[in-house]
Amino acid sequence: MIRIGRYLIVKATYILIDIFFITLALFIVCWIRQRTLSFAVTPQNLFFSPSNNFRFIFLFWVVVIVFVNNAHELYETKREIFETVEIWKVVKSVFLSSLIMIVAMFVIKLQHFPRSILFLGTSLAFLFLSFWRILKRFFVEYLVMQGYNNFNVLIVGAGKIGTALAEEIR
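Caption draft 1: Region of the structure containing the overall build of the chain. Across its full length, the chain carries six helices and zero strands. Its helices and strands in sequence order give the chain the pattern α-α-α-α-α-α, from N to C terminus. Over its C-alpha atoms the chain spans a radius of gyration of 21 Å, topping by over 25% the 15 Å that the globule rule assigns to 170 residues. With the principal axes as the frame, the chain shows a C-alpha extent of 70 × 30 × 25 Å. Across the 170 residues of the chain, 34% fall into the buried class. In the chain, the proportion of contacts linking residues at least 24 apart, taken out of those at least 6 apart, comes to 68%. Accessible area of the chain: about 11,500 Å², with a carbon and sulfur share of 70%. Here the chain contributes 17 positively and 9 negatively charged side chains, and the mean placements of these two sets differ by 11 Å.

Caption draft 2: Summary view of a nonpolar patch on the surface. A cluster of nonpolar side chains, Phe-60, Phe-95, Leu-96, Leu-99, Ile-100 and Ile-102, forms an exposed patch at the surface whose accessible area comes to about 510 Å². Per-element accounting of the nonpolar patch gives the leading share, five residues, to helix 4 (residues 83-107). Tracing the sequence through the fold places Ile-100 in helix 4. Residue Ile-100 is classed as partly exposed on the basis of its relative accessible area of 33%.

Caption draft 3: Layout of unusual backbone geometry. At Glu-73, a residue that is not glycine, the phi angle is positive and equals roughly 60 degrees. On the secondary structure map, Glu-73 appears in the loop between helix 3 (55-71) and helix 4. Within the chain, Lys-109 stands out as a residue other than glycine whose phi angle is a positive 60 degrees. Within the element layout of this structure, Lys-109 appears in the loop between helix 4 and helix 5 (115-145). By relative accessible area, which is 65% here, Lys-109 ends up exposed.

Caption draft 4: Quick look at the nonpolar core. Counting residues in hydrophobic clusters, the biggest one holds 35 residues, and the most contacted among them are Leu-26, Phe-58, Phe-113 and Leu-129. Going through the elements one at a time, helix 1 (2-32), helix 2 (43-48), helix 3, helix 4 and helix 5 are the ones with two or more residues in this core. It is helix 3 that contributes the most residues to this core, eight residues altogether.

Caption draft 5: Summary view of helix 1. Under the 1.5 Å per step criterion, the end-to-end length of helix 1 is 45 Å for 31 residues, consistent within 8% with the ideal 45 Å. Residues of helix 1 that are buried include every one of Tyr-14, Asp-18, Phe-21, Ile-22, Ala-25, Leu-26, Val-29 and Cys-30, and no others. For helix 1, the elements touching its buried residues are helix 2, helix 3 and helix 5.

Caption draft 6: Structural context of the side chain of Lys-136. Assignment of secondary structure puts Lys-136 in helix 5. Looking at Lys-136, the relative accessible area reads 7%, which means it is buried. In terms of polar contacts, Lys-136 uses its side chain to reach the side chain of Glu-86, at 2.9 Å. In contact with Lys-136, other than residues within four places in its own chain, are Tyr-14, Glu-76, Thr-77 and Glu-86.

Cut-offs applied
- Residues numbered from 1 in each chain as written.
- Predicted model: local features only at pLDDT ≥ 70, side-chain atom pairs only at ≥ 80, totals over all residues.
- Heavy atoms only, no water.
- Helix = DSSP H or I, 4+ residues; strand = E, 2+ residues; numbered from the N terminus.
- Rg over C-alpha atoms; globule rule 2.2 N^0.38 Å.
- Buried < 20%, exposed > 50% of the residue type's maximum accessible area, 1.4 Å probe, protein only.
- Contact = heavy atoms within 4.5 Å.
- Areas by Shrake-Rupley, 256 points an atom, 1.4 Å probe, with all protein chains shown as cover.
- Lys, Arg positive; Asp, Glu negative; His and termini not counted.
- Charge placed at Lys NZ, Arg CZ, Asp CG, Glu CD.
- Patch = residues over 30% accessible without salt bridge, like charges linked within 9 Å, V, L, I, M, F, W, Y side chains within 5 Å.
- Salt bridge = Lys/Arg side-chain N within 4 Å of Asp/Glu carboxyl O.
- Core = buried A, V, L, I, M, F, W, Y, C linked by side-chain atoms within 4.5 Å.
- Expected span 1.5 Å × (residues − 1).
- Polar contact = N/O pair within 3.5 Å; in protein donor to acceptor, adjacent residues only side chain to side chain.

In structure tokens:
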């Protein structure tokens, strides 16, 4: 039971970190390209101001990225997969969510959404989500080196296979 609670806390924390970095990426992009927008760029105006015609698109974008990341199992720490595999999953998630956003904007006939914000937002979201996952990997590796969540192994036999296994575990 404690294990499930810890899993849910870690997953919720990862989701909140992702939401923070996606919001930060959108805010920075909108701040850089504020000439193309019809509202004052503040974190509150980005998602909640009635003067922002794109607030629902921004909210939907954050939700879509979180759902696609969850579908790609990015809210778990699997020590057996490499960083490059996890970064590739981030690339696929952000790219797929951007495609979903393009289709959604086409379906609702939103013609005045700046393409530069879509492109730069996708790029910055990818960079931020990848960067924090790399930092997370370093932190997890540090915790493992300190003995966190490690298990003892008994190897019976000192032949080639036993020696190779001991070397791999080391």
